[in-house]
Structure formats: C-alpha cells, structure tokens
Amino acid sequence: EDGFKDISDDIANQVGLDWFDIMPAVRKGVASYKSKTYAVPIDGDVIIMLYRTDLVEERGLPTPNTWDDVLDIIDYYDEEENSDFTGDGKADFAICFSTKSLDI
C-alpha cells in the first residue's frame, strides 16, 4: 500500500499518450515490473552497434551480441590480421565510438 502505484489502467486511457510508441525495452525494463506499469518514461537512451558483416561473419567471427563478442572481434584483428582498413600502412582501430552528438 505504501509503495508505487500501479498506473497500468491510467496509461491505457491517457489521451495523447500512445504507450506503444515507447520502445519495448524501455517500457518493460524501466517502467514496468511483473506486467504492471509504475512509471511513464520521458526519455530513454538507446545504444546501437553497426558493424561490417564482411569483416565479421565472412571470417567466421561471432555476430556481436555481447561485449565479449566485441572483444573477440577486436582480439582477432589485433592478433590475426593486418587491421589496415584504410590502406595507409598503419593499423586502424578495430572499434570506435562516437564521442559527441552528430559525430557519425
């Protein structure tokens, strides 16, 4: 009784809120518990990874589903293959992340 209020019925009838416009991972992982809704997320950060299949699957490396898979791919290019993707004679990074908005 003194905990969080179940707002499942409230959000179902809320004008202007389409509950299914909210990404499922955010709906289920942040706003809900045991199939009941306790919050309406206003913002949810999403991290995606893009990779070149010709540099991963075609070499028999695992599809990167976990950070351990990513490390396996990095190790492969650090140890097994010349990672000069740009052809300038210098090894390139096996992975890089955008560090600021609109960097990609």
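Everything that follows concerns the structure shown earlier in this document.
The rules behind these values
Residues numbered from 1 in each chain as written. Predicted model: local features only at pLDDT ≥ 70, side-chain atom pairs only at ≥ 80, totals over all residues. Heavy atoms only, no water. Core = buried A, V, L, I, M, F, W, Y, C linked by side-chain atoms within 4.5 Å. Buried < 20%, exposed > 50% of the residue type's maximum accessible area, 1.4 Å probe, protein only. Helix = DSSP H or I, 4+ residues; strand = E, 2+ residues; numbered from the N terminus. Salt bridge = Lys/Arg side-chain N within 4 Å of Asp/Glu carboxyl O. Patch = residues over 30% accessible without salt bridge, like charges linked within 9 Å, V, L, I, M, F, W, Y side chains within 5 Å. Areas by Shrake-Rupley, 256 points an atom, 1.4 Å probe, with all protein chains shown as cover. Expected span 1.5 Å × (residues − 1). Arc of directions from axis to C-beta. Lys, Arg positive; Asp, Glu negative; His and termini not counted. Phe/Tyr/Trp six-rings, centres within 6.5 Å; stacked < 30°, edge-to-face > 60°.

### Section: the nonpolar core
Counting residues in hydrophobic clusters, the biggest one holds six residues: Ile7, Ile11, Trp19, Ile22, Val26 and Ala31. Residues Leu55, Val56, Ile73 and Tyr77 belong to the second largest nonpolar core, which totals five residues.

### Focus: unusual backbone geometry
One non-glycine residue with positive phi stands out, namely lysine 34, at about 50°. With respect to the helices, strands and loops of the structure, lysine 34 is situated in the loop between strand E1 (32-33) and strand E2 (36-37). A residue is classified by how much of its surface remains accessible, and lysine 34, at 67% relative accessible area, is exposed. Phi is positive for serine 35, which is not a glycine, with a value near 65°. Tracing the backbone through its elements, the reader meets serine 35 in the loop between E1 and E2. On the basis of relative accessible area, serine 35 is assigned to the exposed category, the value being 78%.

### Brief notes about the pattern of salt bridges
Overall, the coordinates contain two salt bridges when judged by the stated rule. In this structure, aspartate 10 and lysine 5 form a salt bridge, with 3.4 Å as the shortest nitrogen-oxygen distance.

### Focus: a nonpolar patch on the surface
Together, Met49, Tyr51 and Trp67 line one region of the surface with nonpolar side chains, adding up to about 310 Å² of accessible area. Along the chain, methionine 49 falls in the loop between E2 and helix H3 (67-79). By relative accessible area, methionine 49 is classed as partly exposed at 37%.

### What about H3?
The end-to-end C-alpha separation of H3 is 18 Å, in line with the 18 Å expected for 13 residues at 1.5 Å each. Within H3, the full set of buried residues consists of Asp69, Val70, Ile73, Ile74 and Tyr77. Seen from one end, H3 has its buried residues packed into an arc of 140°, which puts them on one side. Across H3 from its buried face, at more than 90 degrees, point the exposed residues Asp68, Asp78 and Glu79.

### What to know about the side chain of aspartate 69
In this fold, aspartate 69 is placed in helix H3. Of the side chains bearing the opposite charge, arginine 59 lies closest to the buried aspartate 69, which forms no salt bridge; the N-O distance is 17 Å.

### Some thoughts on the packing of aromatic side chains
Between two aromatic rings, the relevant description is the distance of the centres plus the angle of the planes. Counted by the stated rule, this structure contains one aromatic pair. Geometrically, the ring pair formed by tyrosine 76 and tyrosine 77 is edge-to-face, given 5.0 Å between the ring centres and 90° between the ring planes.

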